[in-house]
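Here is what each chain is made of, one letter per residue.
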Amino acid sequence: MVTKASSPRRDMDVTLFLFSFLLTLTALVEAAGRGVTNNNNKNGGLGASFIFGDSLVDAGNNNYLPTLSRANMKPNGIDFKASGGNPTGRFTNGRTIGDIVGEELGSANYAIPFLAPNATGKALLAGVNYASGGGGIMNATGRIFVNRLGMDVQVDFFNTTRKQFDDLLGKDKAKEYISKKSIFSITIGANDFLNNYLFPLLSVGTRLTETPDIFIDDMLDHLRDQLTRLYQLDARKFVIGNVGPIGCIPYQKTINQLNEDECVDLANKLANQYNVRLKSLLEDLNKKLPGAMFVHANVYDLVMELITNYKKYGFKSATKACCGNGGQYAGIIPCGPTSSLCEERDKYVFWDPYHPSEAANVIIAKQLLYGDIKVISPVNLSKLRDM
């Protein structure tokens, strides 16, 4: 076999291609943590936004895990301006609630995924995102996805970040920055029901040995420990979202063959049982942990309002996934390159079988930022920042 010598011109073309590819890859990684500079800096503005949770707020951590739970393929991210419409690992068409809240509170950049290669140095100062698709409060949650970051691991990762802040700012300034200027956002719990207690086959053993009350007790005991660990690492300003109406998502409506105005009663009942006791837990922590403020975000009622009165908010559908495949509500197969895609993405409450669209996220985020005690208590997030 004769091998032809490459020409100088061809070598140059290959070099230019590789250089262009590396630039594009670098830009996408940076876009996961980049935002838009704004002028919302009141009283010094937000320090860092530390985001914990599941796929509702994952900004790309799962891109770096060998997992079945990923959103780093088109058309996910199609409306995410910071990446030019390319996927970053967010499980929606644009920004997550965490992204929007950070922007409104004055952060110049989106919280960077902890596992991203550029999550170092001064890039950490705007905040770090530890959230992971498939993750839950319980360590066993999400094992169907092979790999994910549970809440215990996420708190372990914050411990690493906490030491990095000491190196960046010095111990005294780091403690002040984290405890007085930064907000810790936790959006977790839905997977503990959907991909643990209620999941077919995998949950049989758990449901035989644990009643719903016992399982929820276990969840809250773990969450109490996790929040206390963050407090011991100087976290003071917390916002914790309750579990939304998981019985109304397109996936649940599709597999249970429900009508448009129906939801899965058991899933919503479990969510409500958990939510009532979560609020009591946060009230208890506010009394027992000096200097801390635990804010309760009533995500369940906010999302249910959008689903029930979707036309009032300018939506055309609150039952069907904009991006997905399978069944009446496109609720079986997650969003990907072969999925059917709606034309008016801002007219759908749900982006895919599980997650809200950016349009829905904006409405929810604004309520958390500026709403009254019916949706967020004892203070909203704009007031929490300024405390």
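These figures come from a predicted structure and were not determined experimentally.

Cut-off values and rules
Residues numbered from 1 in each chain as written. Predicted model: local features only at pLDDT ≥ 70, side-chain atom pairs only at ≥ 80, totals over all residues. Heavy atoms only, no water. Helix = DSSP H or I, 4+ residues; strand = E, 2+ residues; numbered from the N terminus. Contact = heavy atoms within 4.5 Å. Areas by Shrake-Rupley, 256 points an atom, 1.4 Å probe, with all protein chains shown as cover. Buried < 20%, exposed > 50% of the residue type's maximum accessible area, 1.4 Å probe, protein only. Polar contact = N/O pair within 3.5 Å; in protein donor to acceptor, adjacent residues only side chain to side chain. Axes fitted to C-alpha atoms, helices over the stretch in contact; angles between N-to-C directions. Parallel < 35°, antiparallel > 145°, perpendicular 65-115°, else oblique. Left-handed = near helix turned anticlockwise from the far one by under 90°. Nonpolar A, V, L, I, M, F, W, Y, C, P; charged D, E, K, R; others polar. Disulfide = S-S within 2.5 Å. Salt bridge = Lys/Arg side-chain N within 4 Å of Asp/Glu carboxyl O.

1. With respect to the overall build of the protein
At step 1: Scanning the protein from terminus to terminus reveals twelve helices and eleven strands.
At step 2: Contacts spanning at least 24 positions in sequence make up 71% of the contacts within the protein whose residues lie at least 6 apart.
At step 3: Only carbon and sulfur atoms are counted for the fraction: they give 55% of the accessible area of the protein, which is about 17700 Å².

2. Concerning the environment of asparagine 298
At step 1: Checked against the element boundaries, asparagine 298 lands in the loop between strand S6 (293-297) and helix H10 (299-308).
At step 2: Its relative accessible area of 11% is what places asparagine 298 among the buried residues.
At step 3: As for asparagine 298 and valine 375, which are separated by 77 residues in sequence, their C-alpha atoms are 4.8 Å apart.
At step 4: Here the side chain of asparagine 298 touches lysine 374 through a polar contact of 3.3 Å, landing on its backbone oxygen.

3. Some points on unusual backbone geometry
At step 1: Residues lysine 74 and proline 75 are joined by a peptide bond in cis, for which omega reads 5°.
At step 2: In the segment running from serine 377 into proline 378, the intervening peptide bond is cis, with an omega of 5°.
At step 3: Mapped onto the secondary structure, proline 378 falls in the loop between strand S11 (376-377) and helix H12 (381-386).
At step 4: For aspartate 234, which is not glycine, the phi torsion reads 85° and is therefore positive.
At step 5: Among the structural elements, aspartate 234 can be located in the loop between helix H7 (212-232) and strand S5 (237-241).
At step 6: On the basis of relative accessible area, aspartate 234 is assigned to the buried category, the value being 12%.
At step 7: Although it is not a glycine, glutamine 257 sits at a positive phi angle of roughly 50°.
At step 8: As for its placement among the helices and strands, glutamine 257 is situated in the loop between helix H8 (250-255) and helix H9 (265-288).
At step 9: Judged by its relative accessible area of 73%, glutamine 257 falls in the exposed class.

4. Focus on the packing of helix H3 (residues 151-169) against helix H4 (residues 171-181)
At step 1: Contact geometry of H3 with H4 gives a least axis separation of 7 Å together with a crossing angle of 125°. When the interaxial angle is binned, H3 and H4 end up oblique. With respect to the hand of their crossing, H3 and H4 are arranged in right-handed fashion. Where H3 approaches H4, its residues Phe158, Arg162, Phe165, Asp166 and Leu169 are matched on the opposing element by Lys171, Lys173, Ala174, Lys175, Tyr177 and Ile178.
At step 2: Classifying every residue of the contact of H3 with H4 by side-chain character gives six nonpolar, no polar and five charged.

5. Some points on the state of the cysteines
At step 1: Enumeration over the complete set of coordinates arrives at three disulfides.
At step 2: Paired by a disulfide, cysteine 323 and cysteine 335 hold their sulfur atoms 2.0 Å apart. With the S-S dihedral at roughly 80°, the linkage between cysteine 323 and cysteine 335 falls on the right-handed side. A residue pair is termed long-range when its members are at least 10 positions apart, and cysteine 323 in strand S8 (residues 323-324) and cysteine 335 in the loop between S8 and strand S9 (340-341) qualify at twelve residues. In terms of burial, cysteine 323 and cysteine 335 fall into one category: buried.
At step 3: In the protein, the bonded cysteines, taken in the order they occur along the sequence, pair up as 1-2, 3-6, 4-5.

6. Thoughts on the pattern of salt bridges
At step 1: Taken as a whole and assessed by the stated rule, the structure comprises 15 salt bridges.
At step 2: When the shortest N-O distance is used, the salt bridge between arginine 95 and glutamate 103 registers 2.9 Å. Across the pair, exposure class does not vary: arginine 95 and glutamate 103 are buried alike.
At step 3: Across the salt bridge formed by arginine 229 and aspartate 156, the nearest N and O atoms sit 2.4 Å from each other. Separated by 73 residues along the polypeptide, arginine 229 in helix H7 and aspartate 156 in helix H3 bring together distant segments of the chain.
At step 4: Classification of arginine 229 by relative accessible area gives partly exposed; the value is 29%.
At step 5: Residue aspartate 156 is classed as partly exposed on the basis of its relative accessible area of 39%.
At step 6: Salt bridges sharing common partners tie together Arg95, Glu103 and Glu358.

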